[in-house]
Amino acid sequence: MPVQWYLLKTWAGREEELVREIRRTLPEPWIHECFVIVQERIWVRQKRNIIHEELLFPGCVFLTCTSSEPIASQIAGIPAIARWRRIGGLEILRMRKEDGEFLEELAGKEHRVKLSCVLKDEQGRICKLSGPLKVYQEQIERIQFKKRYAMIHHRLWGENRIFVLGIVLKEDIYRECLSKGQSVGKLSESIYFMEDIFMEDTKLPAVEMEDIFTEDIKFPAVEMA
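In what follows, the accompanying structure is described. (Residues numbered from 1 in each chain as written. Predicted model: local features only at pLDDT ≥ 70, side-chain atom pairs only at ≥ 80, totals over all residues. Heavy atoms only, no water.)

Observations concerning the overall build of the chain
Stage number 1. Secondary structure assignment for the chain yields six helices and 15 strands.
Stage number 2. Taken across its 225 residues, the chain has 46% of its residues classed as buried.
Stage number 3. Accessible area of the chain: about 12,700 Å², with a carbon and sulfur share of 50%. (Helix = DSSP H or I, 4+ residues; strand = E, 2+ residues; numbered from the N terminus. Buried < 20%, exposed > 50% of the residue type's maximum accessible area, 1.4 Å probe, protein only. Areas by Shrake-Rupley, 256 points an atom, 1.4 Å probe, with all protein chains shown as cover.)

Given below as structure tokens:
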């Protein structure tokens, strides 16, 4: 049965509170899942990786249901939800099918956008991508190597938006990693590492990569720093 997506916009910082409230009060037949979407990011500090998760869309909670009928009015009528709306803390929007499919492809069933690998050759040029960046390579706007992120553009909720996604470089995989203040060993030994990241079968054709990272591309030239 097709899944219908709803976007619940609230105050930044109160997303988890809203998720708990909905899970507690909404009848089970109405709701399939209620969640936020997070992304993995990595910082490099004193030759160590600090891995953390942050919200991809601050102030946004997502609800999915299997009902073919719109349920926004039923959601809004629940007393706890109605209180959020009265004080201007909640807006409920039904999402388009293609927007839900994009978010599902980007974040997967765990609702987490994983780190993407960016591999450079000896001249410092991009020669391989993996993870979300490989899927959305034609939408890359900029890659910031030092800060370990890439920016992609995509049309979502009726607007052209820019997303910041976390990246990992080859030199990161053998560094000690910290997550939530605790050591998790080397990145290659942690849950954040995908074994096939650096395998040969993920390599992209050179001409395809040139199209992405040269000046004569269809969107503004990718900045690399």
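Some thoughts on the pairing of strand S9 (residues 126-129)
Stage number 1. Bridge count for strand S8 (residues 116-120) against S9 is three bridges, and the pairing is antiparallel. Pairing of valine 118 across the sheet is with leucine 129, part of S9.
Stage number 2. Between S8 and the antiparallel strand that follows it, S9, lie five residues; glycine 124 among them carries a positive phi value of about 80°. (Pairing = 2+ DSSP bridges.)

Re unusual backbone geometry
Most peptide bonds take the trans configuration, and most residues that are not glycine carry a negative phi.
Stage number 1. Although it is not a glycine, histidine 111 adopts a positive phi angle of roughly 60°.
Stage number 2. Within the fold, histidine 111 resides in the loop between helix H4 (97-107) and strand S7 (112-113).

With respect to H4
Stage number 1. Of all the residues in H4, the buried ones are Asp99, Gly100, Phe102, Leu103, Leu106 and Ala107. The buried side chains of H4 occupy one side of the element, clustering within an arc of 160° when seen end-on. Of the exposed residues in H4, those oriented more than 90 degrees away from the buried face are Lys97 and Glu105.
Stage number 2. Check the buried side of H4 and you find it contacts strand S1 (4-9), strand S5 (60-65), S7, helix H5 (132-135), strand S11 (149-156) and strand S12 (159-168).
Stage number 3. Just downstream of H4 lies glycine 108, where phi reads positive at about 70°. (Arc of directions from axis to C-beta. Contact = heavy atoms within 4.5 Å.)

Regarding the pairing of S1
Stage number 1. With five of six residues buried, S1 is to be regarded as a mostly interior element.
Stage number 2. Pairing of S1 with S5 involves six bridges; the strand directions are antiparallel. If you follow glutamine 4 over to S5, its bridge partner there is cysteine 65.

A few points about the pattern of salt bridges
Stage number 1. Applying the stated criterion across every chain yields a total of twelve salt bridges.
Stage number 2. Between arginine 24 and glutamate 21 there is a salt bridge, with the nearest N and O atoms lying 2.6 Å from each other. With arginine 24 and glutamate 21 both in helix H1 (residues 15-25), this residue pair falls three residues apart, about one helical turn.
Stage number 3. With a relative accessible area of 16%, glutamate 21 lands in the buried category.
Stage number 4. The partner of aspartate 172 in a salt bridge is arginine 148, with the nearest N and O atoms 2.8 Å apart. (Salt bridge = Lys/Arg side-chain N within 4 Å of Asp/Glu carboxyl O.)

What to know about the packing of H1 against helix H3 (residues 79-86)
Stage number 1. The geometry of H1 relative to H3 is characterised by a closest axis approach of 9 Å and an angle of 150° between their N-to-C directions. Every residue of H3 that contacts H1 at Glu17, Leu18, Glu21, Ile22 and Thr25 is listed here: Ala80, Ile81 and Trp84.
Stage number 2. Looking at side-chain class alone, the contact of H1 with H3 contains five nonpolar, one polar and two charged residues. (Axes fitted to C-alpha atoms, helices over the stretch in contact; angles between N-to-C directions. Nonpolar A, V, L, I, M, F, W, Y, C, P; charged D, E, K, R; others polar.)

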